[in-house]
Amino acid sequence: MRFAKVGKVRFTSHRDVARMWERAFRRIGLPLAYSEGFSPRPKVSFGLALPTGHESVAEYLDLDLVEGAAVPDDLPAVLSAALPVGVDATAVGVIDPRTPSLQEDVTSCTWRFTARRPDVADPVATGELAERVEALLGTTAAPVVRRHKGNDVVEDIRPGIFDLRVADGGWLEAELATKPRGLRPGDVVTAFGGDLVEHGVRRQHQWIWRDGARCEPLDGPPAATHAPHAVERAS
């Protein structure tokens, strides 16, 4: 299932979002399959965690239904009505049980964001952003300090920046690697020089490779770059 997380709910943690979904499944009576053992849990697994404070129109989760259960055609709409404002199911599909997990499968994500100075409300001007993008893409190495297991580690993030450009409206669009360690827009902004902070971050796409071609986890129409229903509910 693909879903969006926009508006004020972006400040909700990944764990709390998982609880939202479990409550929504119970409300609509979805026949979920459960694990065995002393404390059975619904068989639901989420994809890459979205950093708290970031929006997304391309989040994914996998769920198992009981054997023989049908997937209702209106499942996204029914679930969206049972979810908090700002979280909406946008697409559903049946996948082969042998499909790798989302955590294993996703190789990169496309992000939309901009940058601003910490003491200034307005984003950096488009011209300055373009200059910083050009400088970053023109370098052979982009070392940044990242936190890893409680320690500061210097890493070269340049190999993980697959694409970076200034789009219409002064937004930055970047395709960033998720392996071996996932890059985030904040890493790119840090590589710009350290005097800027990320702003208005939204995940637009998650990408996997199938038969030598890049695609999104769900077959069918690609993930929307916006979520009108979710945005309306979150506004």
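What you see is a predicted model, and the numbers here were worked out from it, not measured in a lab. (Residues numbered from 1 in each chain as written. Predicted model: local features only at pLDDT ≥ 70, side-chain atom pairs only at ≥ 80, totals over all residues. Heavy atoms only, no water.)

1. Notes on empty space enclosed by the protein
For the structure shown, the criterion picks out one cavity of 30 Å³ or more. Looking at the largest cavity, its volume works out to about 90 Å³. Every residue lining the largest cavity is listed: Phe3, Lys5, His14, Val17, Phe46, Gly47, Leu48, Leu50, Glu59, Tyr60 and Gln206. If you list the elements that add at least two residues to the lining of the largest cavity, you get β1 (2-5), α1 (14-28) and β3 (55-63). (1 Å grid on protein atoms, 1.4 Å probe; cavity = no way out; pocket = protein on both sides within 12 Å on 5 of 7 lines; lining within 4 Å. Points joined across faces, edges and corners; volume = space filled by probe spheres on them. Helix = DSSP H or I, 4+ residues; strand = E, 2+ residues; numbered from the N terminus.)

2. Observations concerning helix α2 (residues 75-82)
Among the residues of α2, Leu75, Pro76, Leu79, Ser80 and Ala82 are the ones counted as buried. Down the axis of α2, the smallest arc covering the buried residues is 160°, so these residues share one side. Away from its buried face, by an angle of more than 90 degrees, α2 presents the exposed residues Ala77 and Ala81. (Buried < 20%, exposed > 50% of the residue type's maximum accessible area, 1.4 Å probe, protein only. Arc of directions from axis to C-beta.)

3. Points about the packing of aromatic side chains
Overall, the coordinates contain three aromatic pairs when judged by the stated rule. Residues Trp21 and Phe25 carry aromatic rings whose centres are separated by 5.7 Å and whose planes lie at 45° to one another, so their mutual orientation is tilted. Remark: Phe25 and Trp21 occur in helix α1; sequence separation between them is four residues, near one turn of the helix. Each of the two residues, Trp21 as well as Phe25, counts as buried. Taken together through their ring pairs, the aromatic side chains of Phe3, Trp21, Phe25 and Phe46 make up a single cluster. Sitting over the ring of Trp207, Arg214 keeps its end group 3.7 Å from the ring centre. (Phe/Tyr/Trp six-rings, centres within 6.5 Å; stacked < 30°, edge-to-face > 60°. Lys NZ or Arg CZ within 6 Å of the ring centre and 35° of its normal.)

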